[in-house]
Every structure is written in structure tokens, then in C-alpha cells.
Amino acid sequence: AFLPLWQADRATCLRSLIAERFTVVFSFVKSPWFDGSWIGRAIDAEVLAAMEAMASEEHGSSVKPLDLGGERGEYHTMCLGGPLYQTPVALPGGGLGEPL
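Residues numbered from 1 in each chain as written. Predicted model: local features only at pLDDT ≥ 70, side-chain atom pairs only at ≥ 80, totals over all residues. Heavy atoms only, no water.

Enquirer: It is not clear to me how the packing of aromatic side chains should be interpreted in this structure. Could you clarify?
Expert: The geometry of two aromatic rings is summed up by the distance between their centres and the angle between their planes. In this structure the tally under the stated criterion is 5 aromatic pairs. With centroids separated by 5.1 Å and ring planes inclined at 70°, the aromatic side chains of Phe 26 and Tyr 75 adopt a geometry described as edge-to-face. On the criterion of sequence distance, the pair formed by Phe 26 in strand 1 (residues 23-29) and Tyr 75 in strand 2 (residues 75-81) is long-range, its members being 49 residues apart. A relative accessible area of 0% places Phe 26 in the buried class. On the basis of an interplanar angle of 80° and a centroid distance of 5.9 Å, the ring pair of Phe 34 and Tyr 75 is categorised as edge-to-face. With Phe 34 in the loop between strand 1 and helix 2 (45-55) and Tyr 75 in strand 2, this pair connects stretches of sequence that are 41 residues apart. Assessed through its relative accessible area of 6%, Tyr 75 is described here as buried. Within the aromatic cluster, the residues linked to one another by ring pairs are Phe 26, Phe 34, Trp 38 and Tyr 75. Across from the ring centre of Trp 38, 4.3 Å away, lies the NZ or CZ of Arg 41, which sits over that ring. (Phe/Tyr/Trp six-rings, centres within 6.5 Å; stacked < 30°, edge-to-face > 60°. Helix = DSSP H or I, 4+ residues; strand = E, 2+ residues; numbered from the N terminus. Buried < 20%, exposed > 50% of the residue type's maximum accessible area, 1.4 Å probe, protein only. Lys NZ or Arg CZ within 6 Å of the ring centre and 35° of its normal.)

Following this line, the structure appears as C-alpha cells:
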């Protein structure tokens, strides 16, 4: 399998996205790490801190820790805006932090 984040520090990658002002929202999340309230939530410093706390939690011997980059399918995201976008992508029927 090709894993583009192979050997990259996941927290550093997410901090870069935040610092470079990309708007990235959760479009899919998986338990036991997340619940439905995360859908539509933008990744920011507060979210990253919560994810880092989750990554250090134990969820039983058969569950691997949260990969901050979602490389094991823990979550999926959509990029809605940033320095490479001429205009942000609008979400129909919902704004950031609202269910999609």
C-alpha cells in the first residue's frame, strides 16, 4: 500500500495545515475515537489537542491507538479552503461545525 504520510510526523502535518490557514473538515469519523458530533467540525488547534489526547488513550487490546493522520481509516476529511483556493467551497445546507 502507498501511504503518503509514511514516516511523517502526523501532528506536524496537521499543525502545518492549521498554520497555513487551510479549512479542513471531518466528513467521516469512526468509533471508538469519534462520534457523529465531529462531522463538519474544522481542524484547528483545539481539535488537534483533543485528537492528541485521544491518541494516548487505551481502547482495549484489539484496538490500535488513533493515528493523527487517519491513516487507518479513523476519519476522512474535506478541504474547503486555503491559500491555494481562489474562493472557499460552500457547503449546501450547513456551515462549519454543523452536520453535513
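Enquirer: Help me understand helix 1 (residues 10-19) in this model?
Expert: Residues spaced three or four apart along an α-helix face the same direction, because each turn holds 3.6 residues. Taken as a whole, helix 1 has its buried residues at Arg 10, Ala 11 and Leu 14. Across the axial projection of helix 1, the buried residues extend over an arc of 95°, all falling on one side. Looking one or two residues beyond helix 1, the residue adopting positive phi is Arg 21, at roughly 65°. (Arc of directions from axis to C-beta.)

Enquirer: I keep staring at the nonpolar core and nothing clicks. Help me out?
Expert: Grouped burial of nonpolar side chains is what soluble globular proteins tend to show. With 18 residues, the main nonpolar core has Phe 26, Phe 34, Trp 38 and Met 51 as its most contacted residues. Broken down by secondary-structure element, the contributors of at least two residues to this core are helix 1, strand 1 and helix 2. Here this core gets 4 residues from one element, more than from any other, and that element is helix 2. Among residues more than four places away in sequence, those in contact with Met 51 are Leu 14, Phe 26, Phe 34, Trp 38, Leu 66, Leu 68 and Tyr 75. (Core = buried A, V, L, I, M, F, W, Y, C linked by side-chain atoms within 4.5 Å. Contact = heavy atoms within 4.5 Å.)

Enquirer: Is there a simple way to think about the environment of Val 47 in this case?
Expert: Inspection of the secondary structure assignment puts Val 47 in helix 2. Judged by relative accessible area, which is 1%, Val 47 ranks as buried. Those residues in contact with Val 47 that lie beyond four places of it in its chain are Phe 26, Trp 38, Arg 41 and Ala 42.

Enquirer: Would you mind going over helix 2 with me for this structure?
Expert: Three or more residues of helix 2 are buried, namely Val 47, Leu 48, Met 51 and Met 54. For helix 2, the angular spread of the buried residues around the axis is 120°, confining them to a single face. Along helix 2, exposed side chains directed more than 90 degrees from the buried face belong to Ala 45 and Glu 46. Packing partners of the buried residues in helix 2 comprise helix 1, strand 1 and strand 2. Of the residues that open helix 2, the one with a side-chain oxygen 3.2 Å from the backbone nitrogen of Glu 46 is Asp 44. (Polar contact = N/O pair within 3.5 Å; in protein donor to acceptor, adjacent residues only side chain to side chain.)

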